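Architecture and fold: a report
Here is how the chains run, residue by residue.
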Amino acid sequence: MQLKKMVLAFAAVVGMTTAAWADVNVGVTLSATGPAASLGIPEKNTIGLLPQSIGGQKVNYIVLDDASDTTAAVTNTRKLIAERNVDVIIGSSTTPASLAMIDAISEAKTPMITLGASAAIIEPQDAKKRWVFKTPQNDIMMALAIAEHMAATGVKTAAYIGFSDAYGEGWGKEFAKALELKKIKLVANERFARTDTAVTGQVLKIMAAKPDAVLVGGSGTPAALPQKTLKERGYAGKYYQTHGVANADFLRVGGKDVEGTLLPAGPVLVADQLPADNPVRKAAQEYIKAYEGAHGKGSVSTFGAHAWDAGQILKVAIPTALKAGQPGTPQFRAALRDALEGTKDVVGAHGIFNMSANDHLGLDQRARVMVTIQNGQWKYLGAK
């Protein structure tokens, strides 16, 4: 009997020690290959720059590639939860994949910080989406910046051509709302697939409508296709893109055809051009220094900065959650969800995060600037 008590006591001590030194496991699923690779690659690269220890606990990042495929993103999510017992998931890179992951996340009661852009991923808040947070700016925030710029530069009519998926549909709806507010008429509304190699039919319809400006609602390199086709057909109006194209790959693929393009973007894209008193400038420059130090000058993109901001938020939320439970437990995951929702005044590379029960993004107008493409480079036009 005495031996049994000693064994039980020893087991209890070992268990306590193991729990005290439990690692925080962060699952990551990103589009490192496929049509959204120009988003996923810099995001994956950035994961390697995130803190390896937070609140005295070791942090492990388990990174999987979903190849820009929604089914693969869900499979990765379930695998990370069931096999790796992750405490939080970062990803995926696109709106469709992130939307598809929500059921698995909510069933497992595991918080997720998505890098997808659409507000539909976190709105409206309900029993499922209460587990989901995001770092990219909402489409309505950016759509308003575009509509404001259009109105200020004399645009009276506009056309839209966007992805035939949740990203393109979300942007189409928000752009229409923004145009209505600014009394600009939408004269054409077209769609194309991320994998399309031609959009001639859609472009001819847009040309026939004779808009003053065209917005392409796409992300990554596929968003260059409609603009290149419009250029080939001689369209001479204003060209706008979403913040989904803000990386060097878009500039490379678009070449001279994207010169003069206008778009809203996160401040990190033009950090060195921001006024000295901009509250985000220092944090954005910190990310750029870290990323370019690892991957070379000129390699940074706004997409990687969304992953960086997820890391900044976790740096604040994890120590709070550790007070309520040990990593690897339901108590810790629930506490981490609550801590993410309570994020206040976290300065990231894209903006300042202040989340709440009704707002799982928490960014304001400080998270957007208007830029143009000039001589193959991004040029700051000012805050909008």
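Residues numbered from 1 in each chain as written. Predicted model: local features only at pLDDT ≥ 70, side-chain atom pairs only at ≥ 80, totals over all residues. Heavy atoms only, no water.

1. What about the overall build of the protein chain?
Rules: Comment: elements are numbered from the N terminus, with helices defined as DSSP H or I runs of at least four residues and strands as E runs of at least two. As defined in this context, the radius of gyration uses C-alpha atoms, and a globule is described by 2.2 Å times the residue total to the power 0.38. Each residue gets one of three labels from its accessible area relative to the maximum for its type: buried under 20%, exposed over 50%, partly exposed in between, using a 1.4 Å probe on protein chains only. Residue contacts follow a heavy-atom distance rule, with two residues in contact if any of their heavy atoms lie within 4.5 Å.
A tally of regular secondary structure across the protein chain gives 12 helices and 15 strands. In terms of C-alpha radius of gyration, the protein chain reaches 22 Å, essentially the compact-globule figure of 21 Å for 384 residues. By principal-axis analysis of the C-alpha atoms, the protein chain measures approximately 90 × 45 × 35 Å. Looking at the protein chain residue by residue over its 384 residues, the buried ones come to 55%. In the protein chain, of all internal contacts separated by at least 6 residues, the share reaching a separation of at least 24 is 67%.

2. Points about the side chain of Arg368
We count it as follows: The definition of a polar contact used here is a pair of N or O atoms within 3.5 Å, where within protein one atom must be able to donate a hydrogen and the other to accept one, and adjacent residues in sequence count solely through side-chain atom pairs.
Mapped onto the secondary structure, Arg368 falls in the loop between β13 (352-353) and β14 (369-374). Given a relative accessible area of 3%, Arg368 falls into the buried group. Side-chain polar atoms of Arg368 contact the backbone oxygen of Met141, separated by 2.4 Å.

3. Here's the deal with the nonpolar core
As a reminder, the rule being used: In this description, a nonpolar core means a group of buried Ala, Val, Leu, Ile, Met, Phe, Trp, Tyr and Cys residues linked to one another through side-chain atoms lying within 4.5 Å.
Grouped together as the largest cluster of nonpolar side chains are 59 residues, with contacts concentrated most on Ile90 and Leu336. For this core, the element with the most residues is helix α11 (residues 302-322), which contributes 10 residues. Not counting residues up to four positions away in its chain, the partners in contact with Leu336 are Asp87, Val88, Pro111, Leu314, Ala317, Ile318 and Ala321. Among the nonpolar cores identified, the runner-up in size contains 51 residues, and Ala147, Phe175, Val199 and Tyr235 belong to it.

4. Concerning the packing of aromatic side chains
Rules: Between 30 and 60 degrees the pair is tilted, below 30 it is stacked and above 60 it is edge-to-face, where a pair is any two Phe, Tyr or Trp rings, Trp via its six-membered ring, whose centres lie within 6.5 Å.
For the coordinates displayed, the defined rule picks out six aromatic pairs. Look at Tyr235 and Tyr239: their rings are 5.3 Å apart centre to centre, the planes differ by 85 degrees, and that puts the pair in the edge-to-face class. Both residues of the pair, Tyr235 and Tyr239, belong to the buried class. Through pairs of rings, three or more aromatic residues link up here, namely Phe163, Tyr167 and Phe192.

5. Comments concerning the packing of α11 against helix α12 (residues 330-341)
Filter applied, for reference: Helix axes are fitted only over the stretch in contact, all axes being lines through C-alpha atoms; the angle between N-to-C directions runs from 0 to 180 degrees. Here the word oblique covers every angle except those under 35 degrees (roughly parallel), over 145 (roughly antiparallel) and from 65 to 115 (roughly perpendicular). Helix crossings fall into two classes, left-handed where the near helix is turned counterclockwise from the far one by less than a right angle and right-handed where it is turned clockwise. When residues are sorted by character, Ala, Val, Leu, Ile, Met, Phe, Trp, Tyr, Cys and Pro go into the nonpolar class, Asp, Glu, Lys and Arg into the charged class, and all the rest, Gly among them, into the polar class.
Where α11 meets α12, the axes come as close as 8 Å, and the angle between the chain directions of the two elements is 130 degrees. With respect to their mutual orientation, α11 and α12 come out oblique. The two elements α11 and α12 meet at a crossing, and its hand is right-handed. Every residue of α12 that contacts α11 at Ile313, Leu314, Ala317, Ile318, Thr320, Ala321 and Leu322 is listed here: Phe332, Ala335, Leu336, Ala339 and Leu340. Looking at the contact of α11 with α12, its residues break down into 11 nonpolar, one polar and no charged.

6. A short note on the side chain of Glu43
To keep it simple, the criterion reads: The charge count includes Lys and Arg as positive and Asp and Glu as negative, but it does not include His or the ends of the chains. Salt bridge, as applied in this entry: a Lys or Arg side-chain nitrogen positioned within 4 Å of an Asp or Glu carboxyl oxygen.
When you line up the elements, Glu43 lands in helix α2 (residues 37-47). As a buried residue without a salt bridge, Glu43 has its nearest oppositely charged side chain in Arg194, at a separation of 10 Å. When residues no more than four places from it in sequence are discounted, the contact partners of Glu43 are Leu30, Ser93, Leu115, Phe303, Gly304 and Ala307.

7. Some thoughts on the confidence of the model for the protein chain
As a reminder of what qualifies: Every residue carries a pLDDT, the predictor's confidence in it, which falls somewhere between 0 and 100.
Per-residue confidence for the protein chain gives a mean pLDDT of 94, with 94% of residues at or over 70. Across residues 6-20 the pLDDT falls below 50, and counting only partners more than four positions away or on other chains, this stretch makes three contacts in the model.

8. Thoughts on the pairing of strand β7 (residues 157-163)
Threshold: Handedness of a crossover is defined as follows: orient the strands so they point away from the viewer, and if the path from the first strand over the helix to the second runs clockwise, the crossover is right-handed. For two strands to be treated as a pair, DSSP must find no fewer than two bridges joining them.
Burial within β7 is extensive, with seven of its seven residues counted as buried. In this region the chain leaves β7, passes through helix α6 (residues 166-181) and returns to the parallel neighbour strand β8 (residues 185-192); the handedness of that crossover is right-handed. Pairing of β7 with strand β9 (residues 213-217), which is carried by five bridges, proceeds in the parallel orientation. Considered in β9, the bridge of Ile161 is made with Val216.

9. Quick notes on unusual backbone geometry
Residues Gly91 and Ser92 are joined by a peptide bond in cis, for which omega reads -5 degrees. Inspection of the secondary structure assignment puts Ser92 in the loop between β4 (88-91) and α4 (95-108). The step from Glu123 to Pro124 runs through a cis peptide bond, and the omega angle for that step is -5 degrees. When you line up the elements, Pro124 lands in the loop between β5 (112-114) and β6 (132-134).

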